[in-house]
Amino acid sequence: MGRYVARRLLQMIPVFIGTTLIIFLMVHILPGDPIRAMWGDKAADPAQVAALRADFGLDQPLWKQYVDYMWGLLQGDFGETFGGRQVADEMSEAFPVTLRLTMVALVIEIIIGIGLGAWAGLKAGKAVDTGVLIFTLIVISIPVFVLGYLARFVLADELGWVAPNVQDSTDYAQLFLPGFVLAMLSMAYVARLTRTTFAENLRADYMRTAMAKGLPRRRIVGVHLLRNSLIPVVTFLGTDVGGFIGGAVITEGIFNVQGVGNLLFKALQGREGSTIVGVVTVFVLIILLINLVVDLLYAVLDPRIRYA
Amino acid sequence: MPDVIKTKTDATTDAIAPPAAGAPETAAEGHKSQGRPRSLWGDAWYDLRHRPMFWISSVLLLFLIIVAAFPGLFTSVDPRDGDLTNHFLTKPELGSFFQPDWFGYDGQGRSIYARVVYGTRASILVGVGVTAAVTLLGGLLGMLAGYFGGWLDSVISRITDIFFGIPFLLGAMVVLNAFTERKVYVVIFALAFLGWTSICRVMRSSVITAKQADYVTAARALGAGTRRILFRHVLPNAMAPTIVVATIALGGYISAEATLSFLGLGLADPTISWGIDIAQGSKDIRDNPHALFFPAGMLSLTVFAFIMLGDAVRDALDPKLR
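The name given to chain B in an unreviewed UniProt entry is Peptide ABC transporter permease, with the source organism recorded as Streptomyces camponoticapitis. Turning to chain B, the UniProt record has this under Subcellular location (unreviewed entry): "Cell membrane". Among the UniProt annotations of chain B, the heading Sequence similarities (unreviewed entry) holds the following wording: "Belongs to the binding-protein-dependent transport system permease family."

Quick look at the structure:
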């Protein structure tokens, strides 16, 4: 187990370097000069521009900038924004907000997604099954931003049940609607996946054995069936974190949540290279770690899987 | 996925399925003699024909493709022509089908109906373009990695890991931010640049399965060259899972384009995109929801059609999921 984790962590290093390099290059080959852009349409003093460029290390060759950036990263330094703030500070304000939002979304996704999927899977071929299938099809078809505005329009503007903007991101009640919108797409996929595995595993030998032993139905479904059906669902949940992060940019924009999505969006508009690279870097790290956790979870769910 | 390759022996039905394109063994075996086992493709086509979902989505998609190809057939109004006297005008009059004011006007007095019609092209082009690019690139890399193995496999797999690690939508935002010109092909490039990984992985694993099959050994024993084995024997038998993944992803690419355009990072103004129109409509949603609902509705309908087609194709090609 320990050796397996160590090997996986080592394998992450080249992937991490490769991903950050791609993002770094994409950000820094942007045409136009963000330093010059600070002056807007006014005439800029070339000496001042040059001094600022040197300050931010933008006069160095690209490979040197990347090496410097990675070296700083190793020491926990994410660099500065052009406004002089530490990127690490900006991120430490925004990340907890997004973390809470994704937690709300994840809980909604798991409860409703697995619940709906299990219900449909147990009644495979019946009306409930078809209903859930059509429902998920419709949810998958409506893009997140359309769904977000629709929810905001109906629930906040028309009915007035919830506040249209999130004022206090520590209030989970306010985060419910944005979290729900964020969760919808993945929830539909989770429901479909759970339905398929449930319907498939219903026919498994161990189910017949459990039934033959005369176990109560609640135990058969809740322990035998659920645990065996969860592996693909957990895999999906793990790989879906990337989708959550993309969705967070949109959901946070619609409901005015001051999280990482908002931070990144502003950074993209202001061409704040170090913020963009910093945020994506942290996301990549999170995704890699979650994938590792998911792989380790397999062993918990399925005792046949052992990591030497 | 060996179980995908299996052919179903179902002799009760008359085999009149026309051979699917790109499936040599279908053409070779044919369906001349009744009761013989159908190939995977013949079987899939037989299955598809009996699914109402397939027909609904096909008819819908055919209609959308016609709209995308010949928008002039459906409206004679210029979608870029704004008349501010029509600012947010709605005309909820019944029976005004196919009139310029059918869906009302947007904030700049442009006909929403005309814009919805002309916006179809960008969505369909991006969806089909990205899927084609991703299938070619990912399919080729996956095939090479799976068939040749060794160091080539290691290199391709590590590159796949790296690209797989970048969140799709987030990465696309960063890539598109690097372009000043936001045309359809730029968006296709950005989405394909990040989207090819899953196809590559699926293709790699099914090629690995297919190349171990006896018919490959037999072909090699008969003196077939690498290229012949690869394209005549391995590829047709390894393609099914790739096609499933590609079809299902298509709707997602259309959705991604609209999302990026909505954020101002995808297509830009002279191009007409539902995403841009939804972004503009969203600014005044309380008083003029119609400016948002029509492009949003068309977008959802298009994604719906593609997802439904993907579902039907998956059910037909992957018997395990039935």
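Glancing now at the overall build of chain B. Each helix and strand counted, chain B has 13 helices and zero strands in total. Mapped from its N terminus to its C terminus, chain B presents α and β elements in the order α-α-α-α-α-α-α-α-α-α-α-α-α. Burial status across chain B gives 49% buried among its 322 residues. Of the contacts formed within chain B by residues at least 6 apart in sequence, a portion of 69% connects residues at least 24 apart.

Now for the interface of chain A and chain B. Residue-level contacts link 34 residues of chain A with 33 residues of chain B. Those elements that place two or more of their residues in the side of chain A that touches chain B are helix 1 (2-28), helix 6 (127-141), helix 7 (144-158), helix 11 (241-255) and helix 13 (273-301) of chain A. Of the residues contributing to the side of chain A that touches chain B, the split by class is 27 nonpolar, six polar and one charged.

Now for the UniProt feature "domain: ABC transmembrane type-1" (unreviewed entry) in chain B. As annotated in UniProt, the feature "domain: ABC transmembrane type-1" (unreviewed entry) corresponds to residues 120-310 of chain B in the numbering used here. The span residues 120-310 of chain B is 82% helical and 0% strand by assignment, and the distance between its end C-alpha atoms comes to 19 Å.

What follows covers the packing of helix 5 (residues 112-148) of chain B against helix 8 (residues 184-195) of chain B. All names here are of chain B. At a closest axis distance of 9 Å, the pairing of helix 5 and helix 8 adopts a crossing angle of 40°. Overall, the two elements helix 5 and helix 8 adopt an arrangement that is oblique. Taken as a pair, helix 5 and helix 8 cross one another with a handedness that is right-handed. When helix 5 is examined against helix 8, the residues Ala122, Leu125, Val126, Gly129, Val130, Ala133, Val134 and Leu137 are found in contact with a partner set consisting of Val184, Val187, Ile188, Leu191, Ala192 and Gly195. The residue inventory of the contact of helix 5 with helix 8, partitioned by class, reads twelve nonpolar, two polar and no charged.

Quick notes on the rules
- Residues numbered from 1 in each chain as written.
- Chains lettered and ligands numbered in written order.
- Predicted model: local features only at pLDDT ≥ 70, side-chain atom pairs only at ≥ 80, totals over all residues.
- UniProt positions renumbered as here; feature names shortened; annotations may be inferred.
- Helix = DSSP H or I, 4+ residues; strand = E, 2+ residues; numbered from the N terminus.
- Buried ≥ 20, exposed ≤ 12 C-beta atoms within 10 Å, placed from the backbone.
- Contact = placed C-beta atoms within 7 Å.
- Nonpolar A, V, L, I, M, F, W, Y, C, P; charged D, E, K, R; others polar.
- Axes fitted to C-alpha atoms, helices over the stretch in contact; angles between N-to-C directions.
- Parallel < 35°, antiparallel > 145°, perpendicular 65-115°, else oblique.
- Left-handed = near helix turned anticlockwise from the far one by under 90°.

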